Amino acid sequence: MTSLVMGPLLGLESETQYSLCFMTEAGCKSAAVRINGEVLAASKQADTPKGAFWRLVWQASPKSKAGTTIDYEILLDDMPAQDLGGYDKWQFYLPGKKENVLIGYASCNGFSDFKLLTSTPAPYAMWDKLAAEHKAHPFSLLLMGGDQVYADSLWTSVPTIKAWNELDRAEKVKRKATRAMVEQLDRFYCELYCKQWGRLEVAFMLARVPSAMMWDDHDIFDGWGSYPADLQGCEVYQAIYAAAAKYFRLFQLRTGANTALLDKSLGHHSWRLGFRGYQILALDNRATRTLTQVMSRAQWDQVNEALAGCSSGDLLVMTGVPVVYRDFSFSEAALDATPWEEELTDDLKDHWRAKAHEGERARLIMRLLDNARLRRKNAKADKGSSLEPKTLILSGDVHVGCLGVIQDKREGVLNLHQLVSSGIVHPCPTQFQWMGILAMTNDNPEYLDESRLIRTELIKPFGAPVYLRTRNFATLQMGTDGKLWANWRCENGLDASYPLA
């Protein structure tokens, strides 16, 4: 039996559109998928150093009232194919039209350095826990909010990049990206995805739960977008970005043909899709990021247009770095006055609360508050709806779980919540590291207007402290009580929850 090189990778791109991608050996001449008995041809999207990348789209019937299981298998040159785990048949859950779907959320799927990997006893234990949850109560969608791979090893494992990185700064920015460098980077990112997503625990779930993803810095390299302009714009950095973006689009977006994308020219990768009463908006906070902006003006225009289209239902907004989190301003101000500022710039200036991003962060919050009021108004006008529309920001990045709230009291009380789930694989900060974070930052309530009517703060979920300093993933599901229940599943056995009313 023929074996796949990678996959299958199941994606969701609209209410009824599912994508299926996989990699084959380079010599494969044709690929197809038999799904629910129907054979659909796949089209080759790219040739890579590891083989050919294929994609097909399956349209689900919008009429199904009850949840069903969808079976599929892959045919390569008309012969059945198996994945790296030996499976040659797969299935996923298609929820009913009005079902209260179960959604999973995770981030930080990897290790920032080799030492962390070797010191973690069961690196992928949380993926097994996610699979057990899926077996008991099937997920309809898995959202992944950043750092789906960790590319930081490129500085030591890509020979031409390692040599370039040993040059002094002035010489670095003048160097051209050589053909050998481009080829080595292409192979590096291709092999990175195949290795990290080829882990059986990860591959099992990506083949059985439709997913929708947005990248963050480690999918390129640590701190991308928060470096000085001469480095950020130099030819070598841009070559790194191009290679990272190529494989992000193939593996995470299921190619640039993804119908949910806001910008078809791929200047950025923000996307929006509707699914079973949810509007899901994922913000690309890396493609156009600089030290002075998180998203470009053109990207903001498209995001604002997408928000205007989210006029009903509940809104999930994916932004890799938390919008509500600890205040790093004291640490940033202190480091700005030291010789080490540039060396540590990606650690502090990467946050939404960095001084250069404060105005843009306020803009995002105000846009979300405006949108929440619009959906509230439309819900009240709809006599068939008695539920308050919810807004939930989904974030990761910080390697701890937590819950934030943005409360607006200008016209009654309006709450936006933020769930941070981080990470499903990356370990939490050590006690020593965490004590340092606590010493150099604060989590005091923050007021965003002069009347002190808009406040942000971190709050405790039920059954847990403010910070979940353990590996975790989250689940979301609308309860029969009309509340959106956010739940954290933790490696240490803690199950935290919070109902969004």
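Rules of the game
- Residues numbered from 1 in each chain as written.
- Predicted model: local features only at pLDDT ≥ 70, side-chain atom pairs only at ≥ 80, totals over all residues.
- Heavy atoms only, no water.
- Helix = DSSP H or I, 4+ residues; strand = E, 2+ residues; numbered from the N terminus.
- Expected span 1.5 Å × (residues − 1).
- Buried < 20%, exposed > 50% of the residue type's maximum accessible area, 1.4 Å probe, protein only.
- pLDDT = per-residue confidence, 0-100.
- Contact = heavy atoms within 4.5 Å.
- Core = buried A, V, L, I, M, F, W, Y, C linked by side-chain atoms within 4.5 Å.
- UniProt positions renumbered as here; feature names shortened; annotations may be inferred.
- 1 Å grid on protein atoms, 1.4 Å probe; cavity = no way out; pocket = protein on both sides within 12 Å on 5 of 7 lines; lining within 4 Å.
- Points joined across faces, edges and corners; volume = space filled by probe spheres on them.
- Nonpolar A, V, L, I, M, F, W, Y, C, P; charged D, E, K, R; others polar.

With respect to helix α9 (residues 235–252)
Here is step 1 of the chain: Relative to the 26 Å expected for 18 residues at 1.5 Å per residue, α9 spans 25 Å between its end C-alpha atoms, a close match to the ideal helical length.
Here is step 2 of the chain: With 13 of 18 residues buried, α9 is to be regarded as a mostly interior element.
Here is step 3 of the chain: Of the residues one or two after α9, Arg254 is the one with positive phi, at around 60°.

Re the confidence of the model for the protein
Detailed reading of predicted coordinates is not advised where the pLDDT is low.
Here is step 1 of the chain: Residues of the protein with pLDDT of at least 70 account for 96%, and the chain-wide mean is 94.
Here is step 2 of the chain: Taken together, the stretch residues 337–346 has pLDDT below 50 and engages in 13 contacts with residues farther than four places along the chain or on a different chain.

Notes on the nonpolar core
Here is step 1 of the chain: Counting residues in each nonpolar core, the largest one holds 125 residues, and the members touching the most others are Trp127, Leu143, Tyr189, Phe251 and Trp271.
Here is step 2 of the chain: Here this core takes 12 residues from α9, the largest share from any one element.
Here is step 3 of the chain: Not counting the four nearest positions on each side in its chain, Tyr189 is found in contact with Ala151, Leu154, Asp219, Ile220, Ile240, Ala243, Ala244 and Tyr247.

Digging into the environment of Val101
Here is step 1 of the chain: If you trace the backbone, Val101 turns up in the loop between β10 (90–94) and β11 (103–106).
Here is step 2 of the chain: Residues in contact with Val101, not counting those within four places in the same chain, are Pro95, Ser140, Phe275, Arg276, Tyr278, Leu476 and Gln477.

Details of the UniProt feature "domain: PhoD-like phosphatase" (unreviewed entry) in the protein
Here is step 1 of the chain: In the UniProt entry, the feature "domain: PhoD-like phosphatase" (unreviewed entry) is given for residues 125–329.
Here is step 2 of the chain: Between the C-alpha atoms that bound residues 125–329 there is a distance of 35 Å. The span itself is 44% helix and 11% strand.

Remarks on empty space enclosed by the protein
Here is step 1 of the chain: Taken as a whole and assessed by the stated rule, the structure comprises four cavities of 30 Å³ or more.
Here is step 2 of the chain: Taken as a whole, the largest cavity holds about 50 Å³ of empty space.
Here is step 3 of the chain: As for the largest cavity, its lining consists of Val324, Tyr325, Arg353, Asp443, Asn444, Glu446, Thr456, Glu457 and Leu458.
Here is step 4 of the chain: When residues in the lining of the largest cavity are grouped by element, the largest group, three residues, is from strand β21 (residues 454–459).
Here is step 5 of the chain: Tallied by class, the residues present in the lining of the largest cavity amount to three nonpolar, two polar and four charged.

Quick word on the layout of surface pockets
Here is step 1 of the chain: Counted as a void, the second largest pocket has a volume near 640 Å³.
Here is step 2 of the chain: Listed by contribution, the elements that provide at least two residues to the lining of the second largest pocket are α1 (114–118), α3 (154–157) and α6 (179–196).
Here is step 3 of the chain: Residue contributions to the lining of the second largest pocket peak at seven residues, all from α6.
Here is step 4 of the chain: Taken together, the residues of the lining of the second largest pocket sort by class into 11 nonpolar, seven polar and six charged.

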